[in-house]
Amino acid sequence: MKNLDDEARHADAHEDTLVLTDPHQVQNLAGPLGAGYDPSARGFLHIQHGCDHACSFCLIPTTQGPSRSVAVDAIVKQAQDLTSAGLRELVLIGDDVASYGADIGLCDDRGTGLTQVLEAIFAAVPDILRVRLGVLDPVRLDQGFFDLLAREPKLMGHLHLSLQAGDDAVLKNVNRRHSVDDIDAVLKEARNARPNIVFGADLIAGFPGETEDMFAHGLSAIKRWNLTYVNVFPYSTNLKTPAATILPLVSGDDIKQRAQALQSLSTTALDRHLQSLTGSVHAVLMETEDFGRTESFAPVRLAKPIGRGQVVNVAVTAQRGGELLGAPMGDYTTASGDKAGGWLKKMKTGLGKSSARMTSGIGQVFTVRRRLDDDVLEQLEEVLISADIGVSTATKLTANLAKTRFDKEIDDGEVRSAFAQDIEQILADVAKPLEINTILKPHVVLVCGVNGSGKTTTIGKLAKQYSDAGKSVMLAAGDTFRAAAIEQLQVWGERVGAPVMAREIGADSAGLAFDALQEARSQGVDVLLVDTAGRLQNKTHLMEELEKVVRVLKKIDDTTPHDVVLVLDATVGQNAHAQVEIFKKSVNVSGLVMTKLDGTAKGGVVVALADKFGLPVHAIGVGEGADDLRAFNAKDFARNLMGLD
Ligand SMILES: Nc1nc2c(ncn2[C@@H]2O[C@H](COP(=O)(O)OP(=O)(O)OP(=O)(O)O)[C@@H](O)[C@H]2O)c(=O)[nH]1
Ligand SMILES: [Mg+2]
């Protein structure tokens with residue numbers, strides 16, 4: 001795995017040689033334009049050179065001289081240039097980044113110069129997507145820095161610290177200025193500021209003088225710190241540093257063993273972190289055509305190549321071998337440079353009827369900018385209800401608007417933005433992609449719904465997405481009523497290369513599901529999607545038949561089906577509520593897919609269902625094509641529904 005240290009070294013290798021007669025000259029220079037590990041992904045910015053400290057293993061103070069900071073203006077200019085050149089992520093590097101500014105009088109009661117230069121960059125370069133920091137000395141991080149971490153999402157939630165050891169006696173020998181207590185305090189502050197932050201660290205294994213006890217003590221502290229990425233440096237006697245005089249030396253075998261023990265702690269921490277990211281959508285900066293990193297630096301592998309250097313939303317479905325696996329969603333550029341997906345555009349068109357109803361309805365209330373009074377609120381409520389947002393949700397939205405704006409002048413744009421924000425909040429809790437757990441082999445998904453709601457098409461679309469993400473998929477043609485239904489699923493199966501388990505027309509669908517699960521288990525496939533016949537929720541005997549499918553699957557494995565997805569046709573409007581209620585009672589529905597949003601002006605029904613039932617909405621369909629079903633995104637949906645994007 002590439003790490004920050006390698007990248008920084010690589011960045012150094014790209015840099016022009018700088019001959020220094022007066023070290024302070026360097027204050028006016030920043031790294032050369034485009035100096036970076038991957039010119040299409042991220043830029044490295046040298047903000048400081050040299051170091052004033054004297055760690056006993058390190059030659060930097062002798063080879064690079066004292067700490068010299070690059071002037072803030074020069075750094076900001078460089079950040080602007082790199083961002084205009086298209087780089088999305090900047091990494092601020094140096095020999096002692098956390099000491100930035102100390103030599104140029106930038107450390108005052110607002111904190112260290114590092115916080116100030118970061119603030120200057122964020123203020124002057126609004127287009128920057130994210131900023132990461134090179135290796136940091138923990139003792140220099142102050143309250144101002146933690147405050148910035150709490151309020152500035154563009155500062156990445158990944159800090160790489162020069163910790164070196166977890167035992168005070170070893171830290172003393174290394175001549176670090178921090179103690180174990182200091183590290184505990186810094187990690188705690190950072191986690192308070194950004195609860196999901198992850199840490200990397202440089203650690204030395206087998207430093208001279210480190211006894212077995214010191215190492216064991218250090219290891220328990222490092223375990224407690226939960227370091228997601230570590231660079232372990234086995235101590236080397238080759239360098240003529242002050243550490244060479246410390247005795248006794250640790251034997252080569254012990255150094256190796258200790259290095260392995262440290263590394264394995266971070267492997268466990270990384271696994272835990274990656275697991276916490278599966279099943280959700282993350283912005284990934286693509287470094288190569290199939291590899292990129294999230295905001296917390298987590299590695300992400302795509303099954304199919306796309307264009308490098310772009311930031312793309314990836315629905316993360318699993319983790320394997322220290323990497324996340326996922327499929328891109330939304331708008332992105334393919335490896336050959338074509339615009340792919342166009343999902344946002346598609347969703348905009350798909351929700352066009354609903355957003356037109358909202359925009360024109362709210363627009364009619366506000367032909368002029370006017371005062372928000374009871375009469376206006378009532379009219380707004382009617383518009384929302386006419387788009388199937390439901391009475392209770394509509395009341396909630398208008399009441400919330402009244403809370404801050406009652407009696408004030410307001411226009412339709414402001415109303416739509418306020419509604420979009422509240423709707424996003426309602427939807428945020430339910431927007432969850434259908435996460436496939438590849439350990440289950442198979443993860444069984446039972447798909448149900450009324451006639452013609454879009455079950456089979458949804459299965460086909462999901463099968464394509466999972467197979468694109470590198471998963472093995474099997475389909476079960478549980479709609480045994482009609483030959484056409486079986487054929488329809490077989491066509492999808494062929495399209496995505498997924499085997500389809502089917503039986504003759506009229507066969508028992510529970511029996512078919514049973515066979516399919518056994519077959520999927522023996523083949524070790526990742527996901528089994530079980531289609532069922534459409535059934536109206538008020539036909540009791542048909543609902544009982546569906547319950548039998550569940551019962552029979554449970555005979556093989558009590559935990560199956562792992563997901564029961566109810567597919568709802570958005571065009572049916574209020575009847576969707578009754579469908580959810582009855583299917584939920586009958587087969588314990590675990591999530592929803594909403595189809596045909598392109599065919600209705602009543603897309604508000606998604607909001608009403610989310611508000612009422614709180615069931616996950618896995619995906620929405622806005623067309624019949626294979627790419628017309630995507631993970632449901634709260635913000636995009638809310639803004640599109642209100643005609644804002
Ligand atoms: N416009 C549009 N059409 C869709 C969407 N999803 C499905 N359809 C269409 O709706 C029709 C019914 O879809 P199916 O997938 O066969 O529905 P089903 O629930 O399996 O139907 P039964 O098996 O008969 O109960 C087909 O013509 C699909 O192409 C969507 O998101 N938008
Ligand atoms: Mg069907």
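For the structure itself, look to the data block above.
First things first, this report covers the structure right here in the doc. (Residues numbered from 1 in each chain as written. Chains lettered and ligands numbered in written order. Predicted model: local features only at pLDDT ≥ 70, side-chain atom pairs only at ≥ 80, totals over all residues.)

### Some details on the overall build of the chain
The helix and strand inventory of the chain stands at 21 helices and 25 strands. Classification of the 645 residues of the chain by burial places 49% in the buried group. Taking the contacts inside the chain whose residues are at least 6 apart along the sequence as the reference set, 75% of them involve residues at least 24 apart. (Helix = DSSP H or I, 4+ residues; strand = E, 2+ residues; numbered from the N terminus. Buried ≥ 20, exposed ≤ 12 C-beta atoms within 10 Å, placed from the backbone. Contact = placed C-beta atoms within 7 Å.)

### A closer look at the sheet that holds strand β7 (residues 198-205)
In spatial order, the strands read β6-β7-β8; together these 3 strands make up an open sheet with parallel pairing. At either end of the open sheet lies a strand with only one pairing partner, and these are β6 (158-164) and β8 (229-234). Taken pair by pair, the neighbouring strands of this sheet meet at an average axis angle of 15 degrees, ignoring direction. As paired strands, β6 and β7 are joined by 6 bridges and run parallel to one another. Paired with L161 across the bridge in β7 is A201. (Pairing = 2+ DSSP bridges. Axes fitted to C-alpha atoms, helices over the stretch in contact; angles between N-to-C directions.)

### What to know about the nonpolar core
One finds L45, V97, L475, A516, L528, L529 and V530 to be the most contacted residues of the largest nonpolar core, which totals 177 residues. The residue makeup of this core includes at least three contributed by each of domain 1 (4-277) and domain 2 (281-337). Aside from chain neighbours lying at most four places away, what touches L475 is I459, A463, L489, W492, G493, A498, V500, L529 and D531. (Core = buried A, V, L, I, M, F, W, Y, C linked by C-beta atoms within 7 Å. Domains from an automatic or database assignment.)

### A word on the pairing of strand β18 (residues 443-448)
For β18, a buried count of 6 out of 6 residues is recorded, marking the element as mostly surrounded by other parts of the structure. Side chains H443, V445 and V447 of β18 all project onto a buried face; the interleaved residues V444, L446 and C448 project onto the opposite face, where all are buried too.

### Some thoughts on the sheet that holds strand β12 (residues 311-320)
Pairing within the closed barrel is mixed, and its 5 strands lie in the order β9-β10-β11-β13-β12. In this sheet, neighbouring strand axes are inclined to one another by 50 degrees on average, regardless of whether the strands run parallel or antiparallel. Pairing between strand β10 (residues 291-293) and strand β11 (residues 299-302): 3 bridges, direction antiparallel. For G292, the partnering residue across the bridge sits in β11 and is V300. Most of the contacts of helix α9 (residues 252-277) go to β12, to which it runs at about 120 degrees, and overall it touches β9 (281-286), β12 and β13 (323-329).

### What about the packing of helix α19 (residues 575-587) against helix α20 (residues 605-613)?
It is the contact of α19 with α20, at a shortest axis distance of 10 Å, that shows an interaxial angle of 35 degrees. For α19 against α20, the interelement crossing comes out right-handed. In this structure, α19 contributes A576, H577 and V580 to the contact, and α20 contributes V605, L609, K612 and F613. Taken together, the residues that form the contact of α19 with α20 break down as 5 nonpolar, 1 polar and 1 charged. (Left-handed = near helix turned anticlockwise from the far one by under 90°. Nonpolar A, V, L, I, M, F, W, Y, C, P; charged D, E, K, R; others polar.)

### Thoughts on the site of ligand 1
In the vicinity of ligand 1 there are 21 residues, among which G454, T456, T457, G534 and G621 approach most closely. Sorting elements by how many residues they give to the shell around ligand 1 places helix α15 (residues 455-468) first, with 3 residues. In terms of residue class, the shell around ligand 1 is made up of 3 nonpolar, 12 polar and 6 charged. (Near = placed C-beta within 6 Å.)

### Some remarks on helix α4 (residues 113-124)
For α4, built from 12 residues, the straight-helix expectation of 16 Å at 1.5 Å per residue is met to within 8% by its first-to-last C-alpha distance of 16 Å. Buried within α4 we find G113, L114, T115, V117, L118 and I121. Taken together, the buried residues of α4 touch β3 (68-69), α3 (72-84), β5 (130-133) and α5 (143-151). (Expected span 1.5 Å × (residues − 1).)

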